[in-house]
Amino acid sequence: MSRKASRPAARPIGLFDSGIGGLTVVRALLKLLPRESLVYLGDTARVPYGNKSRETVIRFSTENTLFLLRHRVKLVIVACHTASSFALPLLERQFKQPLLGVVAPGVAAALAATRSGRVGVIGTAATVGSGAYVRGIRRKRPGIKVFQAACPLFVPLVEEGRLNGPVTERVAREYLAPLKRARVDTLILGCTHYPLLKGVIARVMGRGVRLIDSAEAAARQAQALLEGEGLLVAGSGRPRHRFFATDAPDHFKRFSARFLGRPARQVSRA
Ligand code: DGL
């Protein structure tokens, strides 16, 4: 190993997700911390996590974390909301390395945004069922009213590239109707894929409802955490980004641009 890579701050940031959606967090990180190197693992062989049991998601998340730690990352970001909801507390007890999920950053951003104290959360069936967002919000501010809705069809719609159009609009209207009725003023996009549906969701929810993009909130929290630990990369060397998929790396590469804004240059099989 080179002397440079052995310095903790020079090590990459690691991220994992159930598949390709976590690239929304990579995109936010590239924008905020362009000098950091990244290692991304997409568990494409076992996606989706959003309809799996807690035990299974914990097992997969532990394996994914071990994979990233073998790449000597300085921080593990659990970019998947389902994995953050079910597995993060356990991973934090199991590993001593810095870990960051996407739930806490979304909660903090929502609490800063709400004026009425009525907050909505949308996510996979597993994320909503776990109650992780509700607990996270109530722990910080018990008086907040939280309303949740699972939106399972959003993930396949995004993966099929249906970011707009009548089908997506119809599905969004149906899923979001209870949250509109609840008059939330802030809505947490509690799934990797939902930032890509911001346009439709904003239209359906109407003006005055703040959408919380957890990908951006997580990138800001990663920056603060690394800064606090003295682990932000120093100097102006070229960052190196590596992408791994547990299955079909070519497919991952082909669809990466939708989430990343540009195609991932090289995707290897994990
Ligand atoms: N990455 C998942 C999440 O953020 C969505 C896709 C899946 O169900 O695995 O919850």
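Source: prediction; values computed, not measured.

S.K.: Please explain the sheet that holds strand E8 (residues 210-213) as it appears in this structure.
M.R.: Where strands meet in a sheet, backbone hydrogen bonds hold them as pairs that are either parallel or antiparallel. The strand order across the open sheet built from four strands is E6-E5-E7-E8, with neighbouring strands paired in parallel fashion. Of all the strands in the sheet, just strand E6 (145-150) and E8 have a single pairing partner and so form its edges. Looking at each pair of strands side by side, their axes are set apart by 25° on average, direction ignored. In the sheet, strand E5 (residues 118-123) pairs with E6 via six bridges, with the strands oriented parallel. Paired with Val119 across the two strands is Val146, which belongs to E6.

S.K.: Looking at this structure, how should I read the pattern of salt bridges?
M.R.: A side chain of one charge can pair with a side chain of the opposite charge when the charged atoms of the two come close. With the rule as written, the count across this model stands at eight salt bridges. Across the pair Asp43 and Arg46 runs a salt bridge whose closest N-O atoms are separated by 2.8 Å. Residue classification places Arg46 among the partly exposed residues on the basis of a relative accessible area of 22%. One salt bridge in this structure joins Lys198 and Asp213, with 3.0 Å as the shortest N-O distance. A residue pair is termed long-range when its members are at least 10 positions apart, and Lys198 in helix H10 (residues 198-205) and Asp213 in strand E8 qualify at 15 residues. Given the relative accessible area of 29%, Lys198 is considered partly exposed. Since its relative accessible area comes to 11%, Asp213 is described here as buried. Three or more residues are tied together by salt bridges with common partners; here these are Asp43, Arg46 and Glu63.

S.K.: Would you mind showing me how to read the environment of Ala219 here?
M.R.: Mapped onto the elements of the fold, Ala219 is located in helix H11 (residues 214-228). Taking the relative accessible area as the measure of exposure, Ala219 reaches 1% and is therefore buried. Look past the residues within four positions of Ala219 in its chain and what remains in contact with it is Ala28, Leu29 and Leu32.

S.K.: Explain the site of the ligand to me, please; I cannot follow it from the model alone.
M.R.: All residues in the neighbourhood of the ligand are listed as Asp17, Ser18, Val47, Pro48, Tyr49, Gly50, Cys80, His81, Thr82, Thr124, Cys191 and Thr192. Side-chain polar atom of Asp17 to a nitrogen atom of the ligand: 2.8 Å apart, as the coordinates give it. Here an oxygen atom of the ligand sits 2.6 Å away from a polar atom, N or O, in the side chain of Ser18. Look at the ligand: alone it shows 300 Å² of surface, and the protein chains cover 98% of it.

S.K.: Please clarify how the packing of helix H5 (residues 103-113) against helix H7 (residues 132-140) should be interpreted in this entry.
M.R.: Two quantities define a packed helix pair, namely the angle between the axes and the distance from one axis to the other. Taken N-terminus to C-terminus, the directions of H5 and H7 make an angle of 50°; their axes are 10 Å apart at the nearest point. Classified by the angle between their axes, H5 and H7 sit oblique to one another. In this structure, the crossing between H5 and H7 has a hand that is right-handed. Every residue of H7 that contacts H5 at Val103, Val107 and Leu111 is listed here: Ala132, Tyr133, Gly136, Ile137 and Lys140. Broken down by class, the residue content of the contact of H5 with H7 amounts to six nonpolar, one polar and one charged.

S.K.: What's the story with the packing of aromatic side chains in this structure? I'm lost.
M.R.: Remark: the centre distance and the inter-plane angle together describe each pair of aromatic rings, the angle taken between the planes. All chains considered together, the criterion is met by six aromatic pairs. Aromatic pair Tyr49 and Phe60: ring centres 5.5 Å apart, planes at 45°, arrangement tilted. Here Phe60 lies in helix H3 (residues 54-70) and Tyr49 lies in the loop between strand E2 (38-42) and H3, a separation of 11 residues in the sequence. Residue Phe60 is classed as buried on the basis of its relative accessible area of 7%. Measuring from ring centre to ring centre gives 5.2 Å for Phe154 and Tyr194, while their planes differ by 85°; the resulting arrangement is edge-to-face. One end of the pair, Phe154, is in helix H8 (residues 154-159); the other, Tyr194, is in the loop between strand E7 (186-190) and H10, with 40 residues separating them in the sequence. In this structure Phe154 comes out as buried when scored by relative accessible area, which is 1%. A connected cluster of aromatic rings, assembled from ring pairs, spans Tyr40, Phe243 and Phe252. Across the ring face of Phe60, the terminal group of Arg46 is positioned such that the distance to the ring centre comes to 3.8 Å.

Calculation notes
Throughout, a residue's number is its position along its own chain's written sequence, starting from 1. Predicted model: local features are reported for residues with pLDDT of at least 70 only, side-chain atom pairs are reported and counted for 80 or more only, and whole-chain, interface and lining totals are derived from all residues. Derived side-chain values reflect all non-hydrogen atoms in the structure, with water molecules and hydrogen atoms excluded from consideration. Strand pairing is assigned whenever DSSP identifies at least 2 bridges connecting the two strands. What counts as a helix is a DSSP run of H or I of at least four residues, what counts as a strand is a run of E of at least two, and both are numbered from the N terminus. Here an axis means a line fitted to C-alpha atoms, over the contact stretch when the element is a helix, while the angle between two N-to-C directions is reported on a 0 to 180 degree scale. Salt bridges are defined by distance alone: a side-chain nitrogen of Lys or Arg within 4 Å of a carboxyl oxygen of Asp or Glu. Buried, partly exposed and exposed residues are distinguished by accessible area as a fraction of the type maximum, computed with a 1.4 Å probe on protein chains only: under 20%, between the cut-offs, and over 50%, respectively. Contact criterion: two residues are considered in contact whenever any of their non-hydrogen atoms come within 4.5 Å of each other. We call a residue near a given molecule or strand whenever any one of its heavy atoms falls within 4 Å of it. Nitrogen and oxygen atoms within 3.5 Å of one another constitute a polar contact, given that in protein one can donate a hydrogen and the other can accept it, and given that sequence-neighbouring residues count only through two side-chain atoms. Surface accessibility follows the Shrake-Rupley procedure with a 1.4 Å probe radius. Residue values consider only the protein chains on display as shielding. In these notes the angle categories are as follows: under 35 degrees is roughly parallel, over 145 is roughly antiparallel, 65 to 115 is roughly perpendicular, and the rest is oblique. Take the far helix as your reference; a near helix turned counterclockwise from it by less than a right angle gives a left-handed crossing, and one turned clockwise gives a right-handed crossing. Under the grouping applied here, Gly and all other residues not named as nonpolar or charged are polar, the nonpolar ones being Ala, Val, Leu, Ile, Met, Phe, Trp, Tyr, Cys and Pro and the charged ones Asp, Glu, Lys and Arg. Between 30 and 60 degrees the pair is tilted, below 30 it is stacked and above 60 it is edge-to-face, where a pair is any two Phe, Tyr or Trp rings, Trp via its six-membered ring, whose centres lie within 6.5 Å. We count a charge as sitting over a ring when the NZ of a lysine or the CZ of an arginine lies within 6 Å of the ring centre and within 35 degrees of the ring normal.

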